[in-house]
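Each chain, letter by letter, is given below.
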Amino acid sequence: MALSASDLQPVLFVVTSNAVKGATGLPTGFNLAEVTHPLEKLQAAGIRVEFASIQGGAAPLDGLEDMKDPVIAHYWADAGFRHAIGHTLRLADVEPSRYSAIFFAGGHGTMWDFPDSAAVHKAIREIDAAGGIVSAVCHGPAALVNARRSDGTLLVAGKRLAAFTNDEEEEVQSTQVMPFLLESTLKERGAMHQHAANWADNVVVDGRLITGQNPQSAARLGEALRDALLA
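Overview of the structure.

Among the nonpolar cores identified, the biggest contains 34 residues, and Val-11, Phe-13, Phe-51 and Leu-225 are the most heavily contacted of them. When contributions to this core are tallied by element, the ones reaching two or more residues are strand E1 (11-15), helix H1 (32-44), strand E2 (49-53), helix H2 (70-76), helix H3 (79-86), strand E4 (101-104), strand E5 (133-137) and helix H8 (218-230). A per-element tally of this core places H1 first, with five residues. Setting aside chain neighbours within four positions, we find Phe-13 in contact with Val-35, Pro-38, Leu-39, Leu-42, Val-49, Glu-50, Phe-51, Ala-52 and Phe-103. Formed by 33 residues, the second largest nonpolar core is a distinct cluster that contains Ala-52, Val-134, Ala-143 and Ala-147.

This is how it looks when you write it as structure tokens:
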């Protein structure tokens, strides 16, 4: 029997707290499209969303994106949304059992504070163990590279997934800036990385793991997450 949105616990959206690209000093943060497009799909279905970041408080934005995008423009003009991303929960203070799913948005900032965060590892492990959904888009899968299940095995080992590709990283001239290459590292962890052409909409669903390749995949990832939650 399909669930209704009112039966569901909220989805936890996690964004980066890292505002600088390593030693370069260049600004970074979370990608607004990768938050707003999935958010729109979930909220339209009546699914509640809460926001957390690694440090809590105001989350840094990785540049203000094109306001010609109606979804971005809508949320940027929404006082409730602006308050939520300006007052995120601190992930370490969150109780993972409160959530039906966790979603990691991208933006280059994630590459520095997601992979080794004990709070990230705990949230993924406990939500996965409870039968919840783990999802991420673009650089958000940086949260998955060191994540383990409750039995100690790597979460991504043997799993099909999508993430920002090495080719896309090269195209945006960030190969030498990143602390590691996300596609390569996920493969080293045993993931079956499924890439599409640069900037193509590419979402991969493998059981309770839902991932997308880039900002162009964010809306469809939201749809896949919505459908999985309501199945």
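Now, onward.
Summarising burial for E5: five of the five residues are buried, a large majority. Of the two faces of E5, the one holding Ile-133, Ser-135 and Val-137 and the one holding Val-134 and Ala-136 are both buried throughout. With four bridges joining them, E4 and E5 adopt parallel strand pairing. Bridge assignment links Phe-104 to a residue of E5, and that residue is Ala-136. Where E5 lies against strand E9 (residues 209-212), four bridges are found, and the strand directions are parallel.

Further remarks concern the pattern of salt bridges. Evaluation of the coordinates by the stated rule reveals 11 salt bridges. With a closest N to O distance of 3.2 Å, Lys-122 and Glu-126 form a salt bridge. Of this pair, Lys-122 and Glu-126 are both found in helix H5 (residues 118-129), four residues apart, which corresponds to roughly one turn of the helix. Relative accessible area serves as the criterion here: at 33%, Lys-122 is assigned to the partly exposed category. We classify Glu-126 as partly exposed; its relative accessible area is 29%. Members of the salt-bridge network, linked through shared partners, are Asp-128, Arg-149 and Arg-208.

Mapped onto the fold, Thr-185 is located in helix H7 (residues 182-188). Those residues within four positions of Thr-185 in sequence are excluded, and the remaining contacts are Val-145 and Phe-180.

Helix length check: H1 (13 residues) gives 18 Å between terminal C-alpha atoms against 18 Å at 1.5 Å per residue, within 8%. Among the residues of H1, those classed as buried are Leu-32, Ala-33, Glu-34, Val-35, Thr-36, His-37, Pro-38, Leu-39 and Leu-42. Gly-46, located one to two residues past H1, shows a positive phi value of around 85°.

In this structure, Gln-173 takes a positive phi of about 60° despite not being glycine. The residue Gln-173 is located in the loop between helix H6 (166-171) and H7 in this model. The class of Gln-173 is exposed, set by a relative accessible area of 69%. Phi at Trp-199 takes a positive value of approximately 70°, unusual for a residue other than glycine.

Ordered in space as E3-E2-E1-E4-E5-E9-E8, the seven strands form an open sheet in which the pairing is mixed. Edge strands, defined here as strands with exactly one partner in the open sheet, are strand E3 (89-90) and strand E8 (203-206). Bridge count between E8 and E9: four bridges; the pairing is antiparallel. Looking across to E9, one finds that Val-204 is bridged to Thr-211. Here H5 sits on the sheet and contacts E4 and E5; the angle it forms with E4, its principal contact strand, is near 145°. On top of the sheet, H8 reaches E1, E4, E5, E8 and E9; it is set at about 175° to E5, its chief contact.

What follows deals with the environment of Leu-161. With respect to the helices and strands, the residue Leu-161 is situated in strand E6 (residues 160-161). Along the backbone, Leu-161 and Ala-136 are 25 residues apart, and their C-alpha atoms lie at a distance of 9.6 Å. Apart from the residues lying within four places of it in its own chain, the contact partners of Leu-161 are Val-156, Leu-186, Ala-191, Met-192, His-193, Gln-194, Val-204, Leu-209 and Thr-211.

Rules of the game
- Residues numbered from 1 in each chain as written.
- Predicted model: local features only at pLDDT ≥ 70, side-chain atom pairs only at ≥ 80, totals over all residues.
- Heavy atoms only, no water.
- Core = buried A, V, L, I, M, F, W, Y, C linked by side-chain atoms within 4.5 Å.
- Buried < 20%, exposed > 50% of the residue type's maximum accessible area, 1.4 Å probe, protein only.
- Helix = DSSP H or I, 4+ residues; strand = E, 2+ residues; numbered from the N terminus.
- Contact = heavy atoms within 4.5 Å.
- Pairing = 2+ DSSP bridges.
- Salt bridge = Lys/Arg side-chain N within 4 Å of Asp/Glu carboxyl O.
- Expected span 1.5 Å × (residues − 1).
- Axes fitted to C-alpha atoms, helices over the stretch in contact; angles between N-to-C directions.

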